[in-house]
Amino acid sequence: MTAATQTSAQNAGRRLSPNTSRALFALGFAALFALVSGGVIFACYGKNPFEAYWLMAQGAFGSWYSLTEVLVKAAPFTYTGLAVALAATMQLWNIGCEGQLVMGGVFATGTALFIVPESPALVALPAVIIAGALGGALWALVPAVLKVTSRVSEILSTLLLNYVAIIFMEHLFYGPWRDPAGMGFPGTAMISEAAQLPRLFGTRLHPGLIGALFFALLLYWVMSRSAWGYRVRTAGKGPQAARYAGFDSGRLTLTAMAVSGALAGLAGMAEITGLHHRLQAGLAIGYGYDGIIVAFLARLNPLAVPVAAVALGGLMVGGEQLQSRLGLPASISMALEAALLFGVLGGEALARWRERRNALRAAAVGNEDSPAGSTTDTQDGSQEDRNVR
Amino acid sequence: MFGDAAFILQISLKSSVAVLLAALGETLAERSGVLNLGLEGMMLMGALTGFAVGYATGNPWLAVTASCFVGGAMALIHAFFSITLKANQVLSGLSLTMLGMGLSNFLGRGVIGRSGIRLGQMPIPGLSDIPLLGKAVFTQSIFAYAGIVFTVLLALYLSRSRQGLMIRAVGEDAAAADTAGINVVRVRYICTVVGGMLSGLGGAYLSLVYTPGWKEGMTAGQGWIAIAMVVFATWKPSRVLVGALLFGLLTSLQFYFQVTGVELVPVYVLRMLPYLLTIAVLVLVNRVLMRRGADGASGPADLGVPFSRS
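Per chain, residue numbering runs from 1 following the sequence as it is written. Lettering for chains starts from A, numbering for ligands starts from 1, and both go in the order in which the items are written. At least 70 in pLDDT is required for a residue's local features to be given in this predicted model, at least 80 for side-chain atom pairs to be given and counted, and no such filter applies to totals for whole chains, interfaces and linings, which use all residues. As a rule here, side-chain values come from all non-hydrogen atoms in the structure, and water together with hydrogens is ignored.

A. How the structure looks around the overall build of chain A. In DSSP terms, a helix is any run of H or I states spanning at least four residues, a strand is any run of E spanning at least two, and both are numbered starting from the N terminus. A count of helical and extended segments in chain A gives 15 helices and zero strands. Across the 389 residues of chain A, 59% fall into the buried class. Expressed as a percentage of contacts within chain A between residues at least 6 apart in sequence, the contacts between residues at least 24 apart total 77%. Using a 1.4 Å probe, accessible areas were evaluated by the Shrake-Rupley method; residue-level cover was limited to the displayed protein chains. For chain A, the accessible surface area stands at approximately 15800 Å², while carbon and sulfur atoms represent 65% of it. The cut-offs for exposure are 20% and 50% of the maximum accessible area for each residue type, with area from a 1.4 Å probe on protein chains only; residues under the lower value are buried, those over the upper are exposed, and the others partly exposed. Whether two residues are in contact is decided by their heavy atoms, any of which lying within 4.5 Å being enough.

B. Highlighting the overall build of chain B. Within chain B one finds 12 helices and two strands. Reading chain B from its N end, one meets helices and strands in the order α-α-α-α-β-α-β-α-α-α-α-α-α-α. Relative to its length of 310 residues, chain B is compact, with a C-alpha radius of gyration of 19 Å against a globular reference of 19 Å. With the principal axes as the frame, chain B shows a C-alpha extent of 60 × 50 × 40 Å. In chain B, which comprises 310 residues, the proportion classed as buried is 57%. Relative to all contacts within chain B whose residues are 6 or more apart in sequence, the contacts with residues 24 or more apart total 77%. Approximately 12600 Å² of chain B is accessible, and the part contributed by carbon and sulfur atoms is 67%. C-alpha atoms define the radius of gyration in this analysis, and the globule rule sets the expected value at 2.2 Å times the number of residues to the power 0.38.

C. Examining the interface of chain A and chain B more closely. Tallying the contact residues gives 47 residues for chain A and 58 residues for chain B. Between chain A and chain B, roughly 4900 Å² of surface is buried when both sides are summed, and carbon and sulfur atoms account for 73% of that area. A pair is scored as a salt bridge if a Lys or Arg side-chain nitrogen falls within 4 Å of a carboxyl oxygen belonging to Asp or Glu. At the surface where chain A touches chain B, the tally comes to one salt bridge. Among the salt bridges present, the one from A:E170 reaches B:R271, with a minimum N-O distance of 3.2 Å. Contacts described as polar in this section are N or O atom pairs within 3.5 Å, which, within protein, must combine one atom able to donate a hydrogen with one able to accept it, while residues neighboring in sequence count only if both atoms come from side chains. Along the contact surface separating chain A from chain B lie seven residue pairs in polar contact (both at pLDDT 80 or more). Mapped by element, the contributors of at least two residues to the side of chain A that touches chain B are α6 (121-150), α7 (154-174), α12 (287-297), α14 (332-366) and α15 (382-386) of chain A. With 12 residues, the single largest contributor to the side of chain A that touches chain B is α7(A). Of the residues in the side of chain A that touches chain B, the class split is 30 nonpolar, 10 polar and seven charged. The term buried area means the drop in 1.4 Å probe accessible area that two parts suffer when joined, counted for both and summed. Asp, Glu, Lys and Arg are counted as charged, while Ala, Val, Leu, Ile, Met, Phe, Trp, Tyr, Cys and Pro are counted as nonpolar; the rest, among them Gly, fall into the polar class.

D. Seen up close, the environment of B:L48. Residue and element names in this part refer to chain B. Here L48 lies in helix α2 (residues 39-57). Classification of L48 as buried rests on a relative accessible area of 5%. Between the C-alpha atoms of L48 and G100, which are 52 residues apart in sequence, the distance is 9.9 Å. If we skip the residues at most four places from it in the chain, L48 touches S104, L107, G108, V111 and W214.

E. Representation of the nonpolar core within the structure. Here, the term nonpolar core denotes a set of buried Ala, Val, Leu, Ile, Met, Phe, Trp, Tyr and Cys residues that are joined through side-chain atoms within 4.5 Å. In this structure, A:I292, A:F296, B:F143 and B:W224 are the most contacted members of the largest nonpolar core, which totals 195 residues. Sort the elements by how many residues they give to this core and helix α11 (residues 249-276) of chain A lands first, with 13 residues. Excluding its chain neighbours within four sequence positions, the residues that come into contact with B:F143 are B:V17, B:L21, B:V64, B:L119, B:L201, B:A204, B:Y205 and B:V209.

F. Here's a closer look at the state of the cysteines. All names here are of chain B. Cysteine sulfur atoms that pair up within 2.5 Å are treated as a disulfide. Counted by the stated rule, this structure contains zero disulfides over all chains. Here C68 stays free of any disulfide, with the sulfur of C191 as its closest cysteine sulfur at 16 Å. Given the relative accessible area of 16%, C68 is considered buried.

G. The arrangement of helix α10 (residues 222-232) of chain B in detail. All names here are of chain B. Most of α10 is tucked away: 10 of the 11 residues are buried. For α10, the full list of buried residues reads Q222, G223, W224, I225, A226, I227, A228, M229, V230 and V231. T234 sits one or two residues past α10 and shows a positive phi near 40 degrees.

H. Summary view of the confidence of the model for chain B. Put simply, chain B has an average pLDDT of 88, and 98% of its residues get 70 or more. Per the prediction output, this complex has pTM 0.87; the corresponding ipTM is 0.87. Scored between 0 and 100, pLDDT is the confidence that the predictor attaches to each residue.

I. Seen up close, α7(A). All names here are of chain A. For α7, which comprises 21 residues, the first-to-last C-alpha distance of 30 Å matches the rise-based estimate of 30 Å (1.5 Å per residue) to within 8%. Burial analysis of α7 places 16 of its 21 residues in the buried class, the great majority of the element. Its side-chain oxygen placed 3.2 Å from the backbone nitrogen of I155, S153 serves as the N-cap of α7. Multiplying 1.5 Å by the helix residue count minus one yields the expected span of that helix.

J. Local environment of the side chain of B:S32. Residues and elements named next belong to chain B. Structurally, the position occupied by S32 is in the loop between α1 (2-31) and α2. Among the residues examined, S32 registers a relative accessible area of 0% and is labelled buried. Apart from residues no more than four positions distant in its own chain, S32 is found in contact with I167, V170, G171, V187, R188 and C191.

K. Representation of the UniProt feature "transmembrane region" (unreviewed entry) in chain A within the structure. UniProt positions are given in the numbering used here, feature names are shortened, and annotations may be inferred rather than shown by experiment. Mapped onto this numbering, the UniProt entry gives "transmembrane region" (unreviewed entry) at residues 23-45, 74-93, 100-117, 123-146, 158-177, 205-223, 303-322 and 328-351 of chain A. Secondary structure across residues 100-117 of chain A divides into 89% helix and 0% strand, with the first and last C-alpha atoms of the span separated by 23 Å.

L. Quick peek at the packing of aromatic side chains. Pairing of aromatic side chains here covers Phe, Tyr and the six-membered ring of Trp, requires ring centres within 6.5 Å, and sorts the geometry by plane angle: under 30 degrees stacked, over 60 edge-to-face, intermediate tilted. Under the definition given, this model contains 17 aromatic pairs over all chains. A ring is considered to have a charge above it if a Lys NZ or an Arg CZ atom is located within 6 Å of its centre and within 35 degrees of its normal. Lying across the ring of A:F25, A:R354 places its NZ or CZ 4.3 Å from the centre.

M. Highlighting the environment of B:V231. Relative to the helices and strands, B:V231 is located in helix α10. We classify B:V231 as buried; its relative accessible area is 4%.

N. Region of the structure containing the pattern of salt bridges. All names here are of chain A. Scanning all chains against the criterion turns up six salt bridges over all chains. A salt bridge links E69 to R204, with the shortest nitrogen-to-oxygen separation between them at 3.0 Å. Taken as a pair, E69 in helix α4 (residues 64-89) and R204 in the loop between α7 and α8 (208-225) lie far apart in primary sequence, 135 residues in all. Accessibility expressed as a relative area gives 33% for R204, which makes it partly exposed.

O. View of the packing of helix α5 (residues 97-115) of chain A against α7(A). All names here are of chain A. Think of each axis as a best-fit line through the C-alpha atoms, taken over the contacting stretch in the case of a helix, with angles from 0 to 180 degrees between the N-to-C directions. The geometry of α5 relative to α7 is characterised by a closest axis approach of 7 Å and an angle of 25 degrees between their N-to-C directions. Relative to α7, the element α5 lies roughly parallel. Crossing handedness for the pair α5 and α7: left-handed. Between α5, through C97, E98, G99, V102, M103 and V106, and α7, the contact on the second element is made entirely by N162, A165, I166, F168, M169 and L172. Should an angle fall under 35 degrees it is taken as roughly parallel, and over 145 as roughly antiparallel, whereas 65 to 115 is taken as roughly perpendicular and any remaining angle as oblique. Crossings are classed by handedness, with left-handed meaning an anticlockwise turn of the near helix from the far one by less than a right angle and right-handed meaning a clockwise turn.

The following block contains the structure:
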């Protein structure tokens, strides 16, 4: 395994020092790249890029209220970011967080409405939380089983199931679960107050965020200290590594995807119990896809995921400001997200190139007559790409 | 009875064109060893460009050309990241999809709901007079005919021509192809960009012919279905056509049930079917290949592996 990206990711921060400079370099480059790309777009629209960015920053971090809105968005981003990061550590691509989030929301709502409608909070909340995690886990298990039994690429199966989950959810709130007292409004009835997460400080903040932080710490601990985490990291080094270590990578695929799906399901659960209080159209708005950005900005390190989630939350909330203040569609944030991800990829490549050049130089200085560079990683990244299908 | 069958056949063909074009493009790119998951994004940008240019100029040829150009330009981004920078192709492709989704939503905000040009059907003289079949098969848009022609051309090109052999060599074993004097980087760039142009064309079909107009996310996952189609087709253009027609048939049944009011299956299940059956087909193909002793559907040996001369 030569890819330093993978090593840094798998060690989840345990050997930070050699990789920190590379990580910072790649992230710095990504930020710069996204800023410049966005600036070009703003300029094309005849807006002053500096003014636009200033508005975005102010809109996201300029007031106590906007800051809490950023944190409200950071909660689902953290859950889905952790979900993607966990799977990717094992070289599994969970692009189905959107569907798992939806199914988490569906299970949570269904439980709240039909199983524990009258129960006190002490019963209702745990039931709804478990249901949310279960919904996501079950939905993620489908592609995991297909991968293990029939080697179906999880990239395609997880993604296609997103569409299925969303259609299923729409069917529920347009059809059998529609609120009879809702005057034709497409959505279920409100869940009972006992099943709702309390709001904090009179804002839209809810304990879902605290849960997200808890799971970030827990996942970090599990990945770095537990036997299961060790296996996941080993399996991420390639199929041979798992075979040599002598464990069943099929079963590991199932458990890792289930946990990953459960995390995404919790995102949906928290959105329902903390914000929407009913199943309605606003649940599937791309938070699952945002998790991919968060995970790779955080370089798959669970502890860095909440930080990346706040950054992305800022981008989203700031982007909404552009809509109200400059009349620019808020969807610019999604284009900027893509630019960020491209920036990370570009930054990685640049860092790799820089390290290789330095290694060549060092080799040339240290040993004049041996062919330099033969020890550096020329096939960098090929191993991780092998497993795509 | 026959009328219904002809109706279903016509709508099947009509519904398969965008997926067919995109999947043919992806086949070309993947045969050269580049996995491009950005199809959905390229199709969306192609759809928006086709509609917007047609709306602004009223010239269908300009609209189609612009769509191809934009699709190719987006593929060029992926090519640069995955070939030149040797970045992870999955991530680069996903970024491209997000870029296409975000950018098309952003740029297209102003033209939502406008009515632009629409390209109608072009009956083939003579053939279209055949009863039933003529109306179903030979009264389609120019895109449908082009899709069939491209399928044949790509199949022949890949299997018979010298350049096709070069492309396959690059996809199977880039290092060996390089040793044999083939310019791996150039072959991969060209295949990726031409593949992107076909995706852009598929997008233009959606916004100019299939459902004229621009709607956010109007591709509805067809880009992803197209990628799955390539696996289903085991990287063979002729089988891509079969897969696309199957997809078209499903979509047409949806229409048929809606029009006739027959509800054999609930509407929401019908809406899920294209995605579910795509997954089912992937399972089936992998199972069959595994039974034959292959390691699942894996495609060209060097698919997704960046090439670097060491």
